[in-house]
Amino acid sequence: MRASAQSFILSLVLAGAVAASPAAGQEPASPPASPAPPPGAAPAETRIGLIYRVQPQPSSYDAEAPPEDEGLAGARMAIADNNTTGRFTKQAYALDEAALTEGGPSAAEAARALVAKGTRYLVLALPGDAVLAVADAVKDTGAVVFNAAAPDDRLRGADCRKNVFHVVPSRAMQTDALAQYLTLMRWRKIFLIVGPNEADKLYAEALRNSARKFGLKITAEKPWTFGPLAKARGDTPTRAEAMVFTRGLDYDMAVVADEAGDWGDYVPYRTVDPRPVAGTQGLVATTWSPVLETWGAAQAQNRFRRLAGRLMRPLDYQVWASVRAVGDAVTAKKGSDPAVLAPYLTDPAFSLPAYKGVSLTFRPWDHQLRQPLIVVQPKMLVSVAPEQGFLHQRTPLDTLGIDLPETTCKFP
């Protein structure tokens, strides 16, 4: 697993991945050829529901505010893609949108209403507790649930559900991808800065596990005590305070745990020693970024921009991949029965081309989607995980996240 940093420069990583699988991860430019059903046959319709929370718009200018249609735009593009293929296979797809608002129906109530209308596939852009509530509400209906937004490791562990498939990577996958990059660069000493929110603490715990897994050392750990800069500008620490916060520490990389994006962007360039910053801000491991252009991703970026009038974000991609997984499974099995498609999703024959250089598959032990994660900074793709040299008996993709011998997920 050891190799010189020079052999792992980005150009070789990308070139090697493309050479190894030049077409497996690309979305076909045109629908695959297949025998057409008899002329005049009515298309069979598959309804896919998206349950999401309406994004509140900020009262003042915020360059990082999520767009109102985040996730929804990804679903609409995927439905259009499914219908492109469906024209050749006599399959049609429709999107049922359920936007949750303050004081309105709960996620579970919205899910039951969709299932009552005949929707058997539900994509959730919701937090972990809502994912569990929906999964339990529809578990006896045969509906299949796709988690597109909640990274909680417990959803793939002790709180796993057999009817849930996870397209968003777990926190363990995200921190493993980052840890692999730090390992190959030999930046082994970490200064971990942890925010006050529960999600920050969960990210920090995942990072600690990844550090142990890949032989990194957390040489210092501190809580962020200056307040949420994005929401309370008066709490901004002075430069002197920031320097005291980072003085006297021995580390190669500062890793911030700030999932809400409240303060993590303040850390770069305000440390005593010139050190890079990674984690939830700075250098991040994610599913998608506007800087991704290889493996046909530029085509998807352009199509999304034409559709939505903006750049594609990770949640858009995760919802898109969820809807496309249904479409690919329906095409392969020539029908939309959830009793047939749900077990097929974990069958070795299933694979999802999704602009990642390799086709993606679901892990049978916890229903997590295996996928490469891109390691990026705001203007540049830096690397792709899993890194070369990290080997696994099944697939290198299983070096990211919780492997079979470690899982606490027990499906009934």
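Overview of the structure. Numbers given to residues run from 1 along each chain, matching the order in which its sequence is written. It should be noted that, the model being predicted, local features are given only for residues of pLDDT at least 70 and side-chain atom pairs only at 80 or more, the latter also being counted only at that level, while totals for whole chains, interfaces and linings use all residues. Side-chain descriptors were evaluated using all non-hydrogen atoms of the structure, hydrogens and water having been removed beforehand.

Topic: the pattern of salt bridges
For clarity, the cut-off: Should a side-chain nitrogen of Lys or Arg be within 4 Å of a carboxyl oxygen of Asp or Glu, the pair is scored as a salt bridge.
All chains considered together, the criterion is met by 21 salt bridges. Asp403 is the salt-bridge partner of Arg394, the closest N and O atoms lying 2.4 Å from each other. A network of salt bridges, in which partner residues are shared, links Arg363, Arg370, Arg394, Asp398 and Asp403.

Considering the sheet that holds strand S9 (residues 277-279)
Inclusion rule: Two strands are said to pair when DSSP picks up at least two bridges between them. Every helix listed is a DSSP run of H or I at least four residues long, and every strand listed is a run of E at least two residues long, numbered separately from the N terminus. Axis lines are fitted through C-alpha atoms, for helices just across the contact stretch, and the angle between N-to-C directions can take any value from 0 to 180 degrees. Contacts are assigned to residue pairs with any non-hydrogen atoms lying within 4.5 Å of each other.
Pairing within the open sheet is parallel, and its four strands lie in the order S7-S6-S8-S9. The open sheet has two edge strands, strand S7 (217-223) and S9, and neither has a second partner. Within this sheet the neighbouring strands show an average axis-to-axis angle of 30 degrees, counted without direction. The pairing of strand S8 (residues 253-257) with S9 spans three bridges and is classified as parallel. Bridging from a neighbouring strand, Val255 pairs with Ala278 of S9. Sheet strands in contact with helix H6 (residues 198-214) are strand S6 (189-194), S7, S8 and S9, and its direction is about 165 degrees off that of S6.

Side note on the pairing of strand S2 (residues 91-100)
Where we set the bar: Exposure categories follow from relative accessible area, calculated using a 1.4 Å probe and restricted to protein chains: below 20% of the type maximum is buried, above 50% is exposed, and the middle band is partly exposed.
Within S2, eight of the ten residues are buried, which leaves it mostly tucked inside the rest of the structure. When strand S1 (residues 44-53) meets S2, the two strands line up parallel, connected through ten bridges. For Tyr52, the partnering residue across the bridge sits in S2 and is Ala99.

Here we look at empty space enclosed by the protein
Applicable threshold: Space inside and on the surface of the protein is sampled on a 1 Å grid over the protein atoms alone, with a cavity defined as a set of points where a 1.4 Å probe fits but cannot get out and a pocket as an open set with protein on both sides within 12 Å along at least 5 of 7 lines; lining residues have an atom within 4 Å of a point. Grid points are joined across faces, edges and corners, and a volume is the space filled by probe spheres set on the points.
Here the structure, examined in full by the defined rule, presents two cavities of 30 Å³ or more. Empty space within the largest cavity amounts to approximately 60 Å³. Ile193, Trp224, Ala242, Phe245, Thr246, Tyr266, Val267 and Arg270 together form the lining of the largest cavity. Residue contributions to the lining of the largest cavity peak at three residues, all from helix H7 (residues 239-246). Contributing to the lining of the second largest cavity are Asp153, Arg156, Ser170, Arg363, Asp366, Gln368 and Ile402.

With respect to the nonpolar core
For clarity, the cut-off: Within this scheme, the nonpolar core is defined by two criteria: the residues are buried Ala, Val, Leu, Ile, Met, Phe, Trp, Tyr or Cys, and they are joined through side-chain atoms within 4.5 Å.
Counting residues in each nonpolar core, the largest one holds 53 residues, and the members touching the most others are Phe146, Trp320 and Phe362. It is helix H9 (residues 314-333) that provides the largest number of residues to this core, a total of ten residues. With 28 residues, the next largest nonpolar core counts Leu178, Tyr181, Ile190 and Tyr203 among its residues.

Regarding the packing of helix H5 (residues 171-185) against H6
Applicable threshold: Angles are sorted into four bins: roughly parallel if under 35 degrees, roughly antiparallel if over 145, roughly perpendicular if 65 to 115, and oblique for all others. Crossing handedness is read from the near helix: turned anticlockwise from the far helix by less than a right angle, it gives a left-handed crossing, and turned clockwise, a right-handed one. Note that Gly is not counted as nonpolar here; it falls among the polar residues with everything else outside the nonpolar set of Ala, Val, Leu, Ile, Met, Phe, Trp, Tyr, Cys and Pro and the charged set of Asp, Glu, Lys and Arg.
Packing of H5 against H6 leaves a shortest axis separation of 8 Å and a crossing angle of 45 degrees. By the angle class used here, H5 and H6 are oblique. In this structure, H5 meets H6 at a crossing whose hand is right-handed. Here Arg171, Ala172, Gln174, Thr175, Asp176, Leu178, Ala179, Gln180 and Thr183 of H5 come into contact with H6, specifically with Ala199, Leu202, Tyr203, Ala206, Leu207, Ser210, Lys213 and Phe214. Of the residues contributing to the contact of H5 with H6, the split by class is nine nonpolar, five polar and three charged.

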